[in-house]
Amino acid sequence: MIIKEFVENVRSGKIDVVKNTKEVLEKIKKINKDNNYFNVISEELALEQAKKVNKKGKLAGLPISIKDCICVKGVESTAGSKILKNYKPVFNATAVQRLVDEGAILIGKTSQDEFGFGSFSTNVGLDFKTPLNPFDKERVCGGSSGGSAGITQKADFPHVSLSESTGGSIVNPASFCGVAGLCPTYGLVSRYGLIDYANSLDKIGIMSKNVEDIELILDVIKGHDKMDSTSLNKELNKDSSVKKIGLIKESLDVDKEVKDIILNKLKEMNIKYELVSLPLNAKYGVPCYYIIAMAEASTNLAKYCGMRYGAEEELKGSFDEYFSNIRTKYFGKEAKRRIILGTFARTAGYRDQYYLKAFKVRTLLIEEYKKAFEKYDLLVSPTMPIIAPKIKDVEKLTPIQNYMMDTLTVGANLAGLPHLSVNAGFVKKMPVGIMFTANYLNEKKLIEKGKKF
Amino acid sequence: MKKEILENVAKNARLKLTEKEIKEFTLELEEVLKSFSILDKIDTKNVEPSFQPLEIKNVFREDIIKKSLSQEEALSNTKNKKDGYFKGPKAI
């Protein structure tokens, strides 16, 4: 049942929102025991919202899960990090508030890599659990919005998940869990109330089992917001027609079975394409992305020091000792790794070589995309180079092997371009995603194409 | 990455690393930086940096007092508070 139908049933009284919400809460509690998709199930809030639901809202009574890094008023929001333990925001993120205003029911905060630092949701914060793939519990959900993707696949009731991407964190888990995931144009959805990973890269987006729902949710959450100075004050391009598609040549350098699924699907759906080469993005995308992301992350994470909110202890010793103790004790390993690399990249003597260089390379990578969009309406590629790997295999990867997994998704994220992953088929019973990327504000082209899958 | 640089960066970032972590991170970060040094190969002379993906201009607002969080709300997430203020560790 798509959202529109669900909401009609709510309005006509066929669906009782309180009863439905109670059922959904029971179901997700059960699912969560086995799969770890939620850091918090916000039962109290959900029931309260259900009791006084606005039936006129576009999302009347619809259960929505929210990635943990997006603030929900009164509900512990930690971005999956122990350093934010007990933090209960006193406000809703703008995107969340817009959902609530349309009658949505917030059912919980979904699990993720700590602050989004990962591609598999295995870098969860201290004391958090890794979400397990809905098709095979030995495998990962992908990351960093792993819990959002897992619950979206597993939910047998109308539901969408609000998720977030910095370098691919929506499409990656969407691909691994066989759901649809949209990462919009940078700035289209307000970042106000999003716990920052990297400000120039973070985007709030949507996961659902179908693209129709994504279209409806996007319509609710998009739009200018005074509270976010990087929020765009522009409308979406109304033209949804797709005339020419470019298949990114370098993206075919992936697992053969994945490649075959993508090519067969394009053939089966009679989607015509030309090959287009984006060599700079293929070669320089990952290092460029990681330097920028880590540099911005290291500044964002500087504020977590055991004061004002989050983890705190008895105030002992000098401020230096206290801050260092708290940060050492409550940050996970990958967070520490990225803080150190990001701080290093901004250090005097290395700043030009790494930090500034990466932002200059980013300009060239963006130009490469812009050139491609002079000719094509959409670019297409596999979303991920592999199917969801086994958790035990991910644990063996070195940091750099981990980072290389993002090779197909970092380009669109660096450039702030909208991209959508939908399921293209299965390899060894595991889902494979196909990704479409559009020019700025051309979400309607993505949605029209995505609906056909 | 040299051990001394790593130790200094960690200190600046207010992180205490154990000897074992220093050893591990030194090796790992060396590998990461070596891989990232591929960026040296691309010519960026006369290229402007993109600190944002889309061009944005400075956004200003009128300097007027608006309703904001109450003191009680602002202090609601900590135990370390006194007389309506946050309490922090010793600065001097």
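It should be emphasised that the depicted structure is a prediction, and the values quoted were computed from it without experimental measurement.

Undergrad: Where do I start with the interface of chain A and chain B in this structure?
TA: By convention, interface size is frequently given as the accessible area that disappears when the constituent parts associate. Across the contact, 52 residues belong to chain A and 42 residues belong to chain B. Mapped onto the side of chain A that touches chain B, the elements with two or more residues apiece are helix H9 (279–300), helix H10 (319–330), helix H11 (333–345), helix H12 (352–375), helix H14 (399–404) and helix H15 (410–415) of chain A. Classifying every residue of the side of chain A that touches chain B gives 29 nonpolar, 14 polar and nine charged.

Undergrad: When you look at helix H3 (residues 43–51) of chain A in this model, what are you seeing that I'm missing?
TA: Two residues of an α-helix separated by three or four positions point the same way, owing to the 3.6 residues in each turn. All names here are of chain A. By the burial criterion, the buried members of H3 are Ala46, Gln49 and Ala50. One face of H3 carries all of its buried residues, which in axial projection span an arc of 100 degrees. In H3, those exposed residues whose orientation departs by more than 90 degrees from the buried face are Glu44 and Lys51. Close packing links the buried residues of H3 with helix H2 (17–35) and strand S3 (105–110).

Undergrad: Quick question: what am I supposed to make of the environment of Pro431 of chain A here?
TA: Residues and elements named next belong to chain A. With respect to the secondary-structure elements, Pro431 resides in strand S11 (residues 430–438). By the C-beta count within 10 Å, which is 24 here, Pro431 ends up buried. Pro431 sits 257 residues away from Ala174 along the chain, and the two C-alpha atoms are 9.2 Å apart. Aside from chain neighbours lying at most four places away, what touches Pro431 is Phe135, Ser175, Phe176, Cys177, Gly178, Asn423 and Phe426.

Undergrad: Sorry if this is basic, but what is going on with the packing of helix H1 (residues 3–12) of chain B against helix H2 (residues 19–36) of chain B here?
TA: Angle between the axes and distance between the axes are the two parameters that describe a pair of packed helices. All names here are of chain B. One can describe the packing of H1 onto H2 by two numbers: an axis separation of 10 Å at closest approach and a directional angle of 105 degrees. Taken as axis vectors, H1 and H2 run roughly perpendicular relative to one another. Each of Lys3, Leu6 and Glu7 in H1 lies in contact with H2, whose residues at this interface are Ile22, Phe25, Thr26 and Leu29. In terms of residue class, the contact of H1 with H2 is built from four nonpolar, one polar and two charged.

Undergrad: Would you explain the confidence of the model for chain B in this entry?
TA: Any region with low pLDDT has predicted coordinates that should not be read closely. Residue and element names in this part refer to chain B. Confidence in the prediction for chain B averages 93 pLDDT; 100% of positions are at 70 or higher. The element-level mean pLDDT for chain B is lowest in H2, coming to 94, with strand S2 (residues 85–86) highest at 96. Across the interface, the model reports ipTM at 0.96; the global pTM reads 0.97.

Conventions used here
Residues numbered from 1 in each chain as written. Chains lettered and ligands numbered in written order. Predicted model: local features only at pLDDT ≥ 70, side-chain atom pairs only at ≥ 80, totals over all residues. Contact = placed C-beta atoms within 7 Å. Helix = DSSP H or I, 4+ residues; strand = E, 2+ residues; numbered from the N terminus. Nonpolar A, V, L, I, M, F, W, Y, C, P; charged D, E, K, R; others polar. Buried ≥ 20, exposed ≤ 12 C-beta atoms within 10 Å, placed from the backbone. Arc of directions from axis to C-beta. Axes fitted to C-alpha atoms, helices over the stretch in contact; angles between N-to-C directions. Parallel < 35°, antiparallel > 145°, perpendicular 65-115°, else oblique. pLDDT = per-residue confidence, 0-100.

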